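# Results of the structural survey
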Amino acid sequence: EQGLLNFYQDCFYVKISGHCLENETLLLKMARLIANQLPANSSPPAILRMFPEQNRESNNEVLFSSNFLGYSFFKNAFTSDYSIPDTRFDRFTLFIIKGESKKECHSMLQEYLDFLKLDEVKINEKRLTADDPYYGVVDLVWKDNLIWGIYGLNDLEMRSEYLELTSKNIKDFK
């Protein structure tokens, strides 16, 4: 994206924006200055390896430290965009929210259900499908201190496939 530069180094995620900059070399210079002050480990954060590789768009990961999807209760969310070439499926997004604890994840989901006025839905550690007023169908899965999900994809079979791939990666990673 023009005027925006993201990178990770060691355990740090750095996002620099300069929307009024005519010359993007200034963004690169700033990024190098910051990178030189950080530890040298350049492997991606471990959580990014939990995203499936199949049809994943390269270098588009984003970390939302707060206000994921515009909701103040969703924090520490990583996203990755996907697109399936030559199909009817447009671009969609997978996300993984890393909570401090199982209790915090339960609380985030409860606030989401309260916002959606789904008081009758009991929260447990399995799949939850919600009709979000801003993002359409959102599928979420909760296990321990992680919540993962998908939005922007209307096909139930494809949503299930990508949630299963993510679940497998998370299980294999732990």
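Placed above this text is the structure.
Everything numeric here is computed off the predicted structure, so don't read it as measured data.

Reading the values: rules and limits
Residues numbered from 1 in each chain as written. Predicted model: local features only at pLDDT ≥ 70, side-chain atom pairs only at ≥ 80, totals over all residues. Heavy atoms only, no water. Pairing = 2+ DSSP bridges. Helix = DSSP H or I, 4+ residues; strand = E, 2+ residues; numbered from the N terminus. Axes fitted to C-alpha atoms, helices over the stretch in contact; angles between N-to-C directions. Salt bridge = Lys/Arg side-chain N within 4 Å of Asp/Glu carboxyl O. Buried < 20%, exposed > 50% of the residue type's maximum accessible area, 1.4 Å probe, protein only. Phe/Tyr/Trp six-rings, centres within 6.5 Å; stacked < 30°, edge-to-face > 60°. Expected span 1.5 Å × (residues − 1). Arc of directions from axis to C-beta. Contact = heavy atoms within 4.5 Å.

### Notes on the sheet that holds strand β8 (residues 146–151)
- One open sheet holds the 6 strands; their spatial order is β3-β4-β5-β8-β7-β6, and the pairing between them is antiparallel. The open sheet has two edge strands, β3 (62–64) and β6 (127–132), and neither has a second partner. For this sheet, the mean angle separating the axes of adjacent strands, direction not counted, is 25°.
- Judged from the 6 bridges that link them, β6 and strand β7 (residues 136–143) form a sheet pairing that is antiparallel.

### Quick notes on the pattern of salt bridges
- The full count for this structure, using the stated rule, is 7 salt bridges.
- Note that Arg-91 is salt-bridged to Glu-57, the shortest N-O span being 3.0 Å. In this pair, Arg-91 sits in the loop between β4 (77–82) and β5 (92–98) while Glu-57 sits in the loop between α1 (25–37) and β3, placing the two residues 34 residues apart along the sequence.
- Overall, the relative accessible area of 48% leaves Arg-91 in the partly exposed class.
- Residues joined by salt bridges that share partners form a network here, namely Glu-53, Arg-56 and Glu-61.

### A closer look at the packing of aromatic side chains
- Within the structure shown, the criterion is met by 16 aromatic pairs.
- Aromatic pair Tyr-71 and Phe-74: ring centres 6.2 Å apart, planes at 80°, arrangement edge-to-face. In this pair, the class of Tyr-71 matches that of Phe-74, namely buried.
- Ring geometry for Phe-73 against Phe-74: centres 5.0 Å apart, planes inclined by 65°, an arrangement best described as edge-to-face.
- Since its relative accessible area comes to 12%, Phe-73 is described here as buried.
- Among the aromatic residues, those joined into a cluster by ring pairs are Phe-64, Phe-68, Tyr-71, Phe-73, Phe-74, Phe-95, Tyr-112, Phe-115, Tyr-134, Tyr-135 and Tyr-151.

### Some remarks on α1
- Over its 13 residues, α1 runs 19 Å from end to end, which matches the ideal 18 Å to within 8%, given 1.5 Å per residue.
- Taken together, the buried positions of α1 are occupied by Leu-27, Ala-31 and Ala-35. Each buried residue of α1 sits inside an arc of 70° when the element is viewed along its axis, so together they form one side. Those residues of α1 that are exposed and angled more than 90 degrees off the buried face are Lys-29, Arg-32, Leu-33, Asn-36 and Gln-37.
- In this fold, the buried residues of α1 make contact with β1 (4–9) and β2 (12–17).

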